[in-house]
Amino acid sequence: MEPTISIPPGWHYPRFGFGQRTEHGQIIGLKYYAEDTYLADEYGAGWRYILLLDKHGEDEEHRTEDEINLLSPQELKTTLEAEIQNHQRQIQSLKHQLDAIPAIVLAANSTLGGTTQPSYPPLHDLVDAGKFILKEIAKHPDYLTLEYQPDLTIGDADTALSYLEVELELPGNSK
């Protein structure tokens, strides 16, 4: 059974619904000021829409039906495509971080009765992961607000990893 919302007799139906995207934000709530009530006398009868301006914030706005303009189909398509791209970038970033986790595998059955040496991912992969993490740190809002002035910077660390990368690419060093 589909969930439903009942509109009392005498109230007109809202023109817009939950989740619709407008020029000001997404509709997250509705309220109705019925005729012959204090709120209707004070602010006008009809539907009020609560809009979330930014999904990463808590600010919301209240608008009347006359103040609501839905996004055009092209604007909605552009907005949704941008959100999809953003989510895909986040997925790629998470996959890259996941790949950067060192895999330590201990042999369950060792012939010597002890454990074997841990198995490490290729050094190239670790260098790539290190460079990625440095870039993420450099653009992190918490890092950007710090008054942090070390002798060696993130750029220095990135350069060191680049030199290591070059060293690994020399003949005989590609392990």
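Up top you'll find the structure we're talking about.
Owing to the predicted nature of the structure, the values given are computational and were not obtained by experimental measurement.

Before going further, it helps to examine the sheet that holds strand E1 (residues 26-33). Hydrogen bonds between backbone atoms are what pair the strands of a sheet, whose relative direction is either parallel or antiparallel. Pairing is antiparallel across the open sheet formed by three strands, whose spatial order is E1-E2-E3. Edge positions in the open sheet fall to E1 and strand E3 (60-64), since each of these has one partner strand only. The sheet shows a mean angle of 25° between the axes of neighbouring strands, taken without regard to direction. With seven bridges connecting them, E1 and strand E2 (residues 46-52) associate as antiparallel partners. Residue Leu30 lies in a different strand from E2, and its bridge partner there is Tyr49.

As a further point, take a negative patch on the surface. A cluster of like negative charges, contributed by Glu35, Asp36, Asp41 and Glu42, occupies part of the molecular surface. Assignment of secondary structure puts Asp36 in the loop between E1 and helix H1 (38-43).

So, on to the pattern of salt bridges. Oppositely charged side chains may form a pair once their charged atoms are brought near each other. Scanning the entire structure with this criterion turns up five salt bridges. Glu165 is the salt-bridge partner of Lys131, the closest N and O atoms lying 3.1 Å from each other. Separated by 34 residues along the polypeptide, Lys131 in helix H3 (residues 123-139) and Glu165 in helix H5 (residues 154-169) bring together distant segments of the chain. Just as Lys131 is buried, Glu165 falls in that class too. We note a salt bridge from Glu136 to Lys139, for which the minimum N-O separation is 3.3 Å. Within this pair, Glu136 and its partner Lys139 are both found in helix H3, separated by three residues, close to a single helical turn. Overall, the relative accessible area of 54% leaves Lys139 in the exposed class.

Summed over the entire model, instances satisfying the criterion amount to five aromatic pairs. Arranged with centres 5.5 Å apart and planes meeting at 70°, the rings of Phe16 and Tyr49 form a pair that is edge-to-face. Taken as a pair, Phe16 in the segment before E1 and Tyr49 in strand E2 lie far apart in primary sequence, 33 residues in all. One exposure class covers both Phe16 and Tyr49, and it is buried. Seen in terms of ring centroids, Tyr33 and Tyr43 are 6.2 Å apart; in terms of plane orientation they differ by 45°. Their pairing is tilted. One end of the pair, Tyr33, is in strand E1; the other, Tyr43, is in helix H1, and ten residues separate them in sequence.

It is worth spelling out the environment of Gly19 at this point. You can see Gly19 is positioned in the segment before E1. Judged by its relative accessible area of 32%, Gly19 falls in the partly exposed class. Between the C-alpha atom of Gly19 and that of Gly29, which follows or precedes it by ten residues, the distance is 8.7 Å. Excluding residues that lie within four positions of it along the chain, Gly19 makes contacts with Gln26 and Ile27.

The rules behind the values
- Residues numbered from 1 in each chain as written.
- Predicted model: local features only at pLDDT ≥ 70, side-chain atom pairs only at ≥ 80, totals over all residues.
- Heavy atoms only, no water.
- Pairing = 2+ DSSP bridges.
- Helix = DSSP H or I, 4+ residues; strand = E, 2+ residues; numbered from the N terminus.
- Axes fitted to C-alpha atoms, helices over the stretch in contact; angles between N-to-C directions.
- Patch = residues over 30% accessible without salt bridge, like charges linked within 9 Å, V, L, I, M, F, W, Y side chains within 5 Å.
- Areas by Shrake-Rupley, 256 points an atom, 1.4 Å probe, with all protein chains shown as cover.
- Salt bridge = Lys/Arg side-chain N within 4 Å of Asp/Glu carboxyl O.
- Lys, Arg positive; Asp, Glu negative; His and termini not counted.
- Charge placed at Lys NZ, Arg CZ, Asp CG, Glu CD.
- Buried < 20%, exposed > 50% of the residue type's maximum accessible area, 1.4 Å probe, protein only.
- Phe/Tyr/Trp six-rings, centres within 6.5 Å; stacked < 30°, edge-to-face > 60°.
- Contact = heavy atoms within 4.5 Å.

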